Amino acid sequence: MNEFRIYYNFKRALKKADELTEIAQNMRKSANGELSNEIESIKCSWQGDGASIYINQANKLKDEIIDSANRLENAAQIIRQVAKRTYNTEKRALEIAKKRTYRNGAW
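Per chain, the residues get numbers from 1 upward, laid out in the order the sequence is written. The model is predicted, so local features are restricted to residues of pLDDT at least 70 and side-chain atom pairs to those at 80 or more, both for listing and for counting; the totals for chains, interfaces and linings are taken over all residues. Hydrogens and waters are ignored; side-chain quantities use all the structure's heavy atoms.

Caption draft 1: Inspection of the side chain of Ser-36 at higher detail. Looking at where Ser-36 falls in the secondary structure, it is placed in helix H1 (residues 3-45). Once residues lying within four places of it in the same chain are set aside, the contact partners of Ser-36 are Ala-31 and Lys-62. Only DSSP runs of H or I with at least four residues qualify as helices, and only runs of E with at least two residues qualify as strands; both kinds are numbered from the N terminus onward. Any two residues whose heavy atoms approach within 4.5 Å are treated as being in contact.

Caption draft 2: Region of interest: H1. Helix span, expected: 1.5 Å multiplied by one less than the number of residues in the helix. With 43 residues, H1 should reach 63 Å at 1.5 Å per residue; the first-to-last C-alpha distance of 62 Å fits that figure. A residue's bend is the angle separating two fitted axes: one through the seven residues that end there, the other through the seven that start there. Maximal helix bending in H1 amounts to about 30°, located at Ser-30. If you follow the buried residues of H1, they end up packed against helix H2 (49-99). Pairs of N or O atoms within 3.5 Å make up the polar contacts considered here, provided that, within protein, one atom can donate a hydrogen while the other can accept it, and that residues adjacent in sequence are counted only when both atoms are side-chain atoms. Where H1 starts, the residue carrying a side-chain oxygen 3.2 Å from the main-chain nitrogen of Phe-4 turns out to be Asn-2.

Caption draft 3: View of the side chain of Lys-62. Looking at the element boundaries, Lys-62 is found in helix H2. When a residue's accessible area, from a 1.4 Å probe over protein chains only, is under 20% of the maximum for its type it is buried; when over 50% it is exposed; and in between it is partly exposed. His is not counted here, nor are the chain ends, while Lys and Arg score as positive and Asp and Glu score as negative. Only one rule defines a salt bridge in this text: a Lys or Arg side-chain nitrogen within 4 Å of an Asp or Glu carboxyl oxygen. Of the side chains with opposite charge, Asp-63 lies nearest to the buried Lys-62, which makes no salt bridge, at 5.7 Å. The contacts of Lys-62, once residues within four sequence positions are left out, are Ala-31, Asn-32, Leu-35, Ser-36 and Ile-39.

These values are about where atoms sit, not about what they do.
This is the structure in structure tokens:
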């Protein structure tokens, strides 16, 4: 593997991690914004047992969305850590390979 390929793979992994982070942020924004607003709207306009059950389920859904967003964010962080570790390891291996000398052209 050459230096360009190592760097390219590293940057590609970081880009994918950034995409996951953006998805997580959008999920949180939807859960805390639009969904929360809809839940509040329903609370104001619908009364009764059915409303309470629906609102409880909607709040559970909101919590699950936020939990999923947190897991995505965690996955993105792990991807960044692994990408950095892999990048450093591959760069070091390439440096070692460049310095290596062989006797009589043999391995």
